[in-house]
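# A look at the structure
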Amino acid sequence: MNVFLNKRNTILPKILIGILIFLIFIAILNLFQKQFNNFFYSISNPLYKALFRAGANTSGFLGLFLEANNLARINNELILKNQELLDEISFLQNAKIENQALREVIATQQDKEFKLVLANVIGADNYQDSILIDKGSENGISENMPVINSQNVLFGKIFKVYKNFSKVMLISNQNSVLDIKIQKDDTISAPIYGVLRGEGNFTAILDMVPLDREIKNNDMLITSSLEGNFPRGLLIGKIIEVNKDDLKPFQTAKVGLFSSLKQIDKLFIISDYKLE
Amino acid sequence: MLIRLPVIFLLFGLLGIFQTGFFTHFNIMGASLNLIFILFYIIVFFENSKKYIQGIFSAFTAGFFLDIFSSFYFGTSFICLLIIAFILKHMLELLRKKKGEYPITYFISLFVLSFIIYNLFLAISVYLLNSHMKVSLLNWIFVIEIAYNLLFAVFGFYIYKKFKLYKIEE
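The rules behind these values
- Residues numbered from 1 in each chain as written.
- Chains lettered and ligands numbered in written order.
- Predicted model: local features only at pLDDT ≥ 70, side-chain atom pairs only at ≥ 80, totals over all residues.
- Heavy atoms only, no water.
- Helix = DSSP H or I, 4+ residues; strand = E, 2+ residues; numbered from the N terminus.
- Contact = heavy atoms within 4.5 Å.
- Buried < 20%, exposed > 50% of the residue type's maximum accessible area, 1.4 Å probe, protein only.
- Areas by Shrake-Rupley, 256 points an atom, 1.4 Å probe, with all protein chains shown as cover.
- Phe/Tyr/Trp six-rings, centres within 6.5 Å; stacked < 30°, edge-to-face > 60°.
- Lys NZ or Arg CZ within 6 Å of the ring centre and 35° of its normal.
- Pairing = 2+ DSSP bridges.
- Axes fitted to C-alpha atoms, helices over the stretch in contact; angles between N-to-C directions.

### Section: the overall build of chain B
Helices and strands together make up the secondary structure of chain B, namely six helices and zero strands. By sequence separation, contacts in chain B at least 24 residues apart represent 73% of the contacts at least 6 residues apart.

### Things to note about the overall build of chain A
A tally of helices and strands in chain A yields three helices and twelve strands. The proportion of buried residues among the 276 residues of chain A is 37%. Carbon and sulfur atoms form 59% of the exposed surface of chain A, whose accessible area is close to 16,700 Å².

### A few points about the packing of aromatic side chains
Residue and element names in this part refer to chain B. Enumeration according to the criterion identifies 40 aromatic pairs over all chains in this entry. Ring plane angle 20 degrees and centroid distance 6.0 Å describe the contact between Phe 115 and Phe 142, whose orientation is recorded as stacked. On the criterion of sequence distance, the pair formed by Phe 115 in helix α5 (residues 104-128) and Phe 142 in helix α6 (residues 140-169) is long-range, its members being 27 residues apart. With a relative accessible area of 0%, Phe 115 lands in the buried category. The ring of Tyr 52 has Lys 89 lying over it, and the distance from NZ or CZ to the ring centre is 5.8 Å.

### Focus on the sheet that holds strand β12 (residues 266-270) of chain A
Residue and element names in this part refer to chain A. Read once around its circumference, the closed barrel built from six strands follows the order β1-β2-β5-β4-β3-β12, with strand pairing classed as antiparallel. When the angles between neighbouring strand axes are averaged without regard to direction, this sheet yields 45 degrees. When strand β3 (residues 146-148) meets β12, the two strands line up antiparallel, connected through two bridges. Of the residues in β12, the one forming a bridge with Ile 148 is Phe 268.

Structural data, given as structure tokens:
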């Protein structure tokens, strides 16, 4: 009996000491979390980068097989789209001439160029709708800087910065909310504004569009800069399905984002954007 | 055991890099693969239900890498996986008929249960601690995610089983 009690008496302190050591260990890990992560990303960077590219190539190759049946239809669609675009080019060329003349007069600062930092994508976290890039605090990166690609497509913003790496919260992240403007063909009617909310799983929806405003499929979404985090005019995506319910105060729409994981390799961080 | 533990550690690290590097391009309608969780589950499932060392070590290592690749505080995934490991051990103790028998039906049902518990725990953690992770359990993408992960887990089940049989024959 005494032996049994003694054994119990010795086990309990051992468990408590074990838990205490574990808690201290976890606390130390958390205290140096940024350094740990940076160290791990640094040593795994070459393999990480190679695998990310290999994954993109393989999925692109497999995608070709899966899309083979649709090639004829896509081709026809592209021919039609090409015709539309040619028409649009001629219209824009006229607009460009007018625009240049106006700029010279107004000397607007809207087209001021931003300082961009080039970054390579080395990995992604599907659970968080975030990506890892190879630029960090050493390269002048800080939180909330916008991240775009060479076509001015907005990917998201920096939300975690390590010494040599950063994490980008994609606009499809569930915590991402940004003000957008819906690009319409006619320039006479008042602009339509709304909110883009990330839904996770690389999807997002358009919300807060008044019921009396008309939006339709293929309408383009761009940043409005109202919330002050992103410069205006960055491309976001296009509407793919409008949901209008008279019982609800606003209409919503599914959005096809331009920021696709398959098309990213190099991204740019706008490092000097400030709300004017 | 001394060799096995470092191998497990390296395997988790390697799978983590594959998961966040290579397999990010293989989402099915947004549903993604969690190779680290799959390996952790297989190790715990096949470990003798009376032994805990490998399970605890796997929970710690898998948790460590999951936290590194995500933006969680260190320890979050470990605690979650440790709870799952203990639940699994107890369930297996109740379910397993005789030593060495690993029916696929148990494997599948327990995997689905563990995966739901894991995501539920993470959802609660996100709500309490961290705000940068998605909390989407009640949608059809989560169902696809379970099926997608299960497919790889079953594949792992047969590989592991074959490996074990090979060892016994030896």
